[in-house]
Amino acid sequence: MTESASGGGSAKEPGDRGRTTIEGGVVEKIAGLAAREVVGVHAMGSGSGLSRTFGAVRDRVPGGQKAAVSRGVKAEVGEVQTALDLEIVVDYGVSIRDVARAVRENVISAVERMTGLEVVEVNIAVSDVKLPDEPDEEPESRLQ
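All of these numbers come straight from a predicted model, not from anything done at the bench. (Residues numbered from 1 in each chain as written. Predicted model: local features only at pLDDT ≥ 70, side-chain atom pairs only at ≥ 80, totals over all residues. Heavy atoms only, no water.)

What the protein chain contains, in helices and strands, is four helices and four strands. Each helix (α) and strand (β) of the protein chain, taken in turn from the N terminus, gives the series α-β-α-α-β-β-α-β. Looking at the 144 residues of the protein chain, the share that counts as buried comes to 30%. Contacts in the protein chain between residues at least 24 apart in sequence constitute 76% of all its contacts with a sequence separation of at least 6. When the accessible area of the protein chain is evaluated, it comes to approximately 9600 Å², of which 49% is carbon and sulfur surface. (Helix = DSSP H or I, 4+ residues; strand = E, 2+ residues; numbered from the N terminus. Buried < 20%, exposed > 50% of the residue type's maximum accessible area, 1.4 Å probe, protein only. Contact = heavy atoms within 4.5 Å. Areas by Shrake-Rupley, 256 points an atom, 1.4 Å probe, with all protein chains shown as cover.)

This is the structure in C-alpha cells:
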C-alpha cells in the first residue's frame with residue numbers, strides 16, 4: 001500500500017527524521033565568543049590577575065584554545081531551552097549596566113540563531129575592572 005502526502009500518514013520530511021542534540025560546550029563557546037564581541041568586555045572568567053595570567057598561558061598551549069573560548073561561561077542545556085551564567089571583566093570607565101545589557105542581547109541573539117534553543121536567562125557576574133594603567137597580564141609565550 002502506498003501512502004499519499006494528504007492521506008494523513010506518518011511520512012516525515014527528510015529534515016524531520018532523527019534527533020539533534022546540542023551539548024553544553026557548544027552553547028558555551030557560542031556565548032563566550034558573542035560576549036567577547038561587546039565593546040567594554042576586557043576578558044572572560046575570573047578577574048584576578050593571577051587567573052588571567054594562567055588563562056593567557058593556557059590559551060597559548062596547543063589545544064588550550066578550546067577551553068579559552070568558553071572560559072567564564074556555564075550553560076545548562078535542555079531539549080528546547082538553555083540558561084547561561086557568564087563571568088566578565090570590564091574596562092574601566094564603561095557603564096557596567098550598558099555592557100551587561102549589550103552582552104545579554106548579543107549572547108541571546110547568537111545562541112538562539114545558531115542553535116534554535118530558547119535562551120531563558122543570561123546571568124552576568126562582573127568579577128573585575130581592568131584599569132587603564134594595569135598592564136595586560138599575558139606573558140610572552142615560550143612556545144613557538
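Once that is clear, we can look at the pairing of strand β4 (residues 118-130). Here 11 bridges tie strand β3 (residues 81-91) to β4, and the two strands are oriented parallel to one another. Along β4, the bridge assignment pairs Val 90 with Val 129. (Pairing = 2+ DSSP bridges.)

Looking now at the pattern of salt bridges. In this structure the tally under the stated criterion is one salt bridge. Across the salt bridge formed by Arg 101 and Asp 98, the nearest N and O atoms sit 3.3 Å from each other. You can see Arg 101 and its partner Asp 98 sitting in helix α4 (residues 96-115), three residues apart, about one turn around the helix. The class of Arg 101 is partly exposed, set by a relative accessible area of 43%. Of the residues examined, Asp 98 reaches a relative accessible area of 43% and is grouped as partly exposed. (Salt bridge = Lys/Arg side-chain N within 4 Å of Asp/Glu carboxyl O.)

Moving on, we get to the environment of His 42. With respect to the helices and strands, the residue His 42 is situated in strand β1 (residues 41-44). Residue classification places His 42 among the partly exposed residues on the basis of a relative accessible area of 30%. His 42 sits 49 residues away from Asp 91 along the chain, and the two C-alpha atoms are 5.5 Å apart. Only 3.2 Å separates the side chain of His 42 from the side chain of Asp 91, close enough to count as a polar contact. (Polar contact = N/O pair within 3.5 Å; in protein donor to acceptor, adjacent residues only side chain to side chain.)

Formed by 22 residues in total, the largest nonpolar core has its most connected members in Met 44, Leu 84, Leu 86, Val 99, Val 103, Val 107 and Val 111. Of all the elements in the fold, those that place two or more residues in this core are α1 (24-36), β1, β2 (73-77), β3, α4 and β4. In contact with Leu 84, other than residues within four places in its own chain, are Val 27, Ala 31, Val 73, Lys 74, Ala 75, Val 107, Val 111, Val 119, Glu 121, Val 122 and Asn 123. (Core = buried A, V, L, I, M, F, W, Y, C linked by side-chain atoms within 4.5 Å.)

So, on to the layout of surface pockets. Put simply, the second largest pocket is a space of about 200 Å³. Contributing to the lining of the second largest pocket are Arg 19, Thr 20, Thr 21, Ile 22, Val 77, Gly 78, Glu 79, Val 80 and Leu 117. Residue classes in the lining of the second largest pocket are distributed as four nonpolar, three polar and two charged. (1 Å grid on protein atoms, 1.4 Å probe; cavity = no way out; pocket = protein on both sides within 12 Å on 5 of 7 lines; lining within 4 Å. Points joined across faces, edges and corners; volume = space filled by probe spheres on them. Nonpolar A, V, L, I, M, F, W, Y, C, P; charged D, E, K, R; others polar.)

A word on the packing of α1 against α4. Where α1 contacts α4, the axes come no closer than 8 Å and their chain directions differ by 140°. Taken together, the axis directions place α1 and α4 in an arrangement best described as oblique. Two packed elements cross with a definite hand, and for α1 against α4 that hand is right-handed. Two secondary-structure elements touch here, α1 through Val 27, Ile 30, Ala 31, Ala 34 and Ala 35 and α4 through Val 103, Asn 106, Val 107, Ala 110, Val 111, Met 114 and Thr 115. By residue class, the composition of the contact of α1 with α4 is 10 nonpolar, two polar and no charged. (Axes fitted to C-alpha atoms, helices over the stretch in contact; angles between N-to-C directions. Parallel < 35°, antiparallel > 145°, perpendicular 65-115°, else oblique. Left-handed = near helix turned anticlockwise from the far one by under 90°.)

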